[in-house]
Amino acid sequence: MTSPETNTRTPSEFDAGTFTISHFSDNPEGFEFETKNAIGRTESLQEDEHLTLDDSQKDALKSAMGREMNFGGAAMVSEARAAWAQARERNDPEADRFREAYFEIRDSYIGRGKKIGLRALELTGDNTLSADVQLVPYPVYNVLSDPGMSPEVEKLSAATGVAMVVETSDGRLVIQHRGVKKQKITEPGMTRGNGTYADIPGASVAGMVDASLSMDGDRVPGTPDPIDTDFLKANILKETGEELGVAPHDIDGLRIVGLAQDHYKPHDEVLFLATLRLTADELREASRTSNRNKNLADADFEEKFFDIEGSPEAIETLLTEVKCPLPPTHAAAMVAAGYSMVVRESGAEAAHAWRQRMQESVRRNYEDINATVASYYEKYPEMLGHIPERYWGQKAPARHLEGYSPAYTPEEQGLPTLQDEMVRTGLMPETRKEVKKAREYDVDGVLTDPREKIVIHEEIFDEIVAQLERGEPVCFNTGRSDSWVMERVVATILERIQDTSVLSNLIIVGEKGGTWTTFNQNGEPVHSAVETISVPSELKNRVRTLINDKYSDVMFFDESKETMISVEMVDGYDLTSFTERQKEFVRDIQSILAETGTDSIYRIDPTTIATDVESPNVGKALGSDRFIEFLKSRGIKADAFETFGDSASDAAMADELVRRGQEAEFVYVGNKPESVQRKADYPVREVAGFSGGTLDFLRR
Ligand SMILES: [Mg+2]
């Protein structure tokens, strides 16, 4: 995380750089809250000359406000009003009911998307936080809350969040796991995820303070209702219901333990601590069957939260040792919760000492995280341009050369995964099955003979079957279609196994990561393809016609491909003449791409015996990514990976594994070892002889 300028307007008792905590409660019941003044709308955003918005900021704000209006249902309000007017015209006896419906819809529209911002906050008496309250439309906060903005903009845009730490009745802390949107791998579709701060731990519950507007006659328009302690508690309880699926009567001892300021996306956060009347297991059960979650697949649900020991020591480990950073205000909630626990156990003095020590170690941990990210980009500069799948086809957020960026997962910027960190620091037990070796094979020239295109060394099948039977994961990573691999390789494996459940250790990654097939416990294939990158049929038809007209003697269209176009050399054609004709073919394809305006969407990849038209996001590295995600979804942890290839470009398999923190080596079985260029540091074993070399290595 970068360290924006520290906000000095509210003096802080705890300063972690990206967040400060201005108030900690020493009272076992927590703070009270009261409103000094509710402030109405005075100047509009566009007219205020103190606001230094540039044109792009104004545009972003305008479109965000437009989206919010649609989302909030402006059209529904006018429809309801029209329905009421018509009912009156036709003297409908039910007109009153139309009137009621209109007011209900209007009020809910007016309140929707409106948040509260606290201003001029101070401690009055020894235990009451008091502040002015002001309306902040959510899009204004979302678009304009940025540390680079002027204090005038911040006054308008800073909303107030709420974050809570929940302790279960058996002494566990509920930690949110903020999921990342990614392919499910062993079933079709993508998981849900958070846009920012994904695959990191968070407070148990978090949200924003919703405004209420009771529309009383003589108030300045846009004046929110004053808020108090009960209002804030009701707000966090509503969030708790939505996020954890527990009812208010399951919550005990709810209290405001602090107030924090986020300096990364400037806003205040009210911090809560509560005890649950349920154990961690009971919470899991309640949450699993709640309305919000009951339709979630297991894979989505399990990522939502986990639990750690409920002690100040565990909080210390989470915030000072785990290298997956919590969002600033979530970390603040943890600090304030730990402080409150120490107050209850050992008194305020001990809590002050704990807080002091934590401040230094929390800062140091953020510095460590940033240093790791910076050295990762120094070592692997190519990753600065790498676009994770959830951003394909969009403008990907910028990465930060100097440190952690919340738009990317820890793993995408050189940090360990959350699961690895929780296990390493002892906060969670290891639940994955550990295996010694996972193996990733290119297919053409590694398993099959480069000329005959079939497996000629049958003993390779015995080796792979033995690996699968030992429970060692196997990946075929190829540009071929899944169906091609099924016919030429997997069909024979199937004949040689007794128990088809061992196929659950196998993944075929085809079309350079665009498609893949896994197998369920009954050995039945489960196939997935990334439709968003698929070459449109219009383009395919143009290429088919081109081949018919000019190239049918040299090459043919591979109809088995789903996401890419592959045009392969006719079997037995002379390689030198193919290369000549291929140059002309590539030029023709380039003009088709230019004519159809798709030259920036697809890339042409001419290889020795084929020409591919494909998404620039696919490749052997994506195949390794699929393999890693496959292991995660199977709950397997491999000590080391062996990768096998016969082309220089196959080194991308091991490059990706090593960049992701795995131990790997590359077994090169081709005949031009000098051409292998590694992007990461790992051993390269040279065993010439194509599939014969593969067999020699496996049997050594
Ligand atoms: Mg090959």
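No experiment lies behind these values; they were computed from the predicted model shown. (Residues numbered from 1 in each chain as written. Predicted model: local features only at pLDDT ≥ 70, side-chain atom pairs only at ≥ 80, totals over all residues. Heavy atoms only, no water.)

Caption draft 1: How the structure looks around the overall build of the chain. When you go through the chain residue by residue, the secondary structure sums to 19 helices and 24 strands. Reported as C-alpha extents along the three principal axes, the dimensions of the chain are approximately 90 × 70 × 50 Å. When the 700 residues of the chain are sorted by exposure, 53% land in the buried category. Across the chain, contacts joining residues at least 24 apart in sequence account for 68% of those joining residues at least 6 apart. Accessible surface, the chain: about 31,200 Å² in total, of which carbon and sulfur atoms supply 47%. The centroid of the 79 positive side-chain charges in the chain is displaced by 2 Å from the centroid of its 123 negative side-chain charges. (Helix = DSSP H or I, 4+ residues; strand = E, 2+ residues; numbered from the N terminus. Buried < 20%, exposed > 50% of the residue type's maximum accessible area, 1.4 Å probe, protein only. Contact = heavy atoms within 4.5 Å. Areas by Shrake-Rupley, 256 points an atom, 1.4 Å probe, with all protein chains shown as cover. Lys, Arg positive; Asp, Glu negative; His and termini not counted. Charge placed at Lys NZ, Arg CZ, Asp CG, Glu CD.)

Caption draft 2: Region of interest: the nonpolar core. Core analysis: the biggest nonpolar cluster contains 83 residues, and F14, F19, I308, L318, L319 and V335 have the highest contact counts within it. With 11 residues, the single largest contributor to this core is helix α10 (residues 328-346). Both of domain 1 (4-53 + 116-368) and domain 2 (433-532 + 618-699) provide at least three residues apiece to this core. Ignoring any residue separated from it by four or fewer positions in sequence, one finds F14 in contact with F19, T20, I21, F24, V335, R355, M358, Q359 and V362. (Core = buried A, V, L, I, M, F, W, Y, C linked by side-chain atoms within 4.5 Å. Domains from an automatic or database assignment.)

Caption draft 3: Structural view of the coordination of the magnesium ion. The protein atoms that coordinate the magnesium ion are D442 (OD), D444 (O) and D646 (OD), at distances spanning 2.1 to 2.3 Å. All donors of the magnesium ion come from a single chain, and their spacing in sequence reads D-x1-D-x201-D. With a relative accessible area of 5%, D442 lands in the buried category. (Donors = N, O, S within 2.8 Å, 3.2 Å for Na, K, Ca; no water.)

Caption draft 4: Fine view of helix α18 (residues 651-659). Most of α18 sits inside the fold, with 8 of its 9 residues counted as buried. Where α18 terminates, the next one or two residues include G661, which has phi positive at roughly 85 degrees.

Caption draft 5: A look at the sheet that holds strand β21 (residues 610-614). With antiparallel pairing, the 4 strands of this open sheet are ordered in space as β18-β19-β21-β20. Each end of this open sheet is capped by a strand with a single partner; those strands are β18 (555-557) and β20 (603-606). Between one strand and the next, the sheet's axes are offset by a mean angle of 15 degrees, whatever the strand orientation. As paired strands, β18 and strand β19 (residues 565-569) are joined by 3 bridges and run antiparallel to one another. (Pairing = 2+ DSSP bridges. Axes fitted to C-alpha atoms, helices over the stretch in contact; angles between N-to-C directions.)

Caption draft 6: Examining the packing of aromatic side chains more closely. Inspection of every chain in the model, using the stated rule, returns 16 aromatic pairs. Each ring, one from F14 and one from F24, has its centre 6.4 Å from the other, and the planes form 65 degrees; the classification is edge-to-face. One end of the pair, F14, is in strand β1 (residues 14-15); the other, F24, is in strand β2 (residues 19-24), and 10 residues separate them in sequence. Among the aromatic residues, ring-to-ring pairing joins F14, F19, F24 and Y339 into one connected group. When the ring centre of W84 is taken as reference, the NZ or CZ atom of R88 above it lies at 4.3 Å. (Phe/Tyr/Trp six-rings, centres within 6.5 Å; stacked < 30°, edge-to-face > 60°. Lys NZ or Arg CZ within 6 Å of the ring centre and 35° of its normal.)

Caption draft 7: Structural context of the confidence of the model for the chain. Chain-level pLDDT for the chain is 90 on average; 92% of the residues reach the 70-or-more range. Note that residues 1-9 has pLDDT below 50 and, in this model, 23 contacts with residues that lie over four places away or in other chains. (pLDDT = per-residue confidence, 0-100.)

Caption draft 8: Highlighting unusual backbone geometry. We note that D199 has phi near 55 degrees; this positive angle belongs to a residue other than glycine. Mapping D199 onto the fold places it in the loop between β7 (172-178) and β8 (200-202). Here D199 falls in the buried class, since its relative accessible area comes to 13%. Residue F690 is not a glycine yet carries a positive backbone phi of 50 degrees. Positionally, F690 belongs in the loop between β24 (684-686) and α19 (691-699). Under the relative-accessibility criterion, F690 is labelled partly exposed at 21%.

Caption draft 9: The arrangement of the packing of helix α17 (residues 620-634) against α18 in detail. The interhelical angle for the contact between α17 and α18, taken along N-to-C directions, is 50 degrees, at an axis separation of 7 Å. Classified by the angle between their axes, α17 and α18 sit oblique to one another. By crossing handedness, the relation of α17 to α18 is classed as right-handed. Only A652, M653, E656, L657 and R659 of α18 make contact with α17, whose side of the interface consists of K620, A621, S624, D625 and I628. (Parallel < 35°, antiparallel > 145°, perpendicular 65-115°, else oblique. Left-handed = near helix turned anticlockwise from the far one by under 90°.)

Caption draft 10: Structural detail: the sheet that holds strand β5 (residues 128-137). Read across the open sheet, the 3 strands follow the order β3-β5-β4; overall the sheet is mixed. Lying at the two open borders of the sheet, with one neighbouring strand each, are β3 (32-39) and β4 (114-124). On average, adjacent strands in this sheet sit at an angle of 35 degrees to one another, irrespective of strand direction. The sheet contact formed by β3 and β5 spans 6 bridges and is parallel. Across the sheet, A38 pairs through a bridge with V133, a residue of β5.

Caption draft 11: Just the domain arrangement of the chain, in detail. Domain assignment breaks the chain into domain 1 (4-53 + 116-368), domain 2 (433-532 + 618-699) and domain 3 (533-614). Taking only C-alpha atoms, the centre of domain 1 and the centre of domain 3 are 54 Å apart.

Caption draft 12: Representation of empty space enclosed by the protein within the structure. For the structure on display, the rule yields 2 cavities of 30 Å³ or more. By volume, the largest cavity amounts to about 60 Å³. Taken together, L318, L319, V322, C324, P325, L326, A331, V362, N365, Y366 and I369 form the lining of the largest cavity. Among the elements of the structure, α9 (312-320) and α11 (348-379) are those that each provide at least two residues to the lining of the largest cavity. No other element matches the 4 residues that α11 contributes to the lining of the largest cavity. (1 Å grid on protein atoms, 1.4 Å probe; cavity = no way out; pocket = protein on both sides within 12 Å on 5 of 7 lines; lining within 4 Å. Points joined across faces, edges and corners; volume = space filled by probe spheres on them.)

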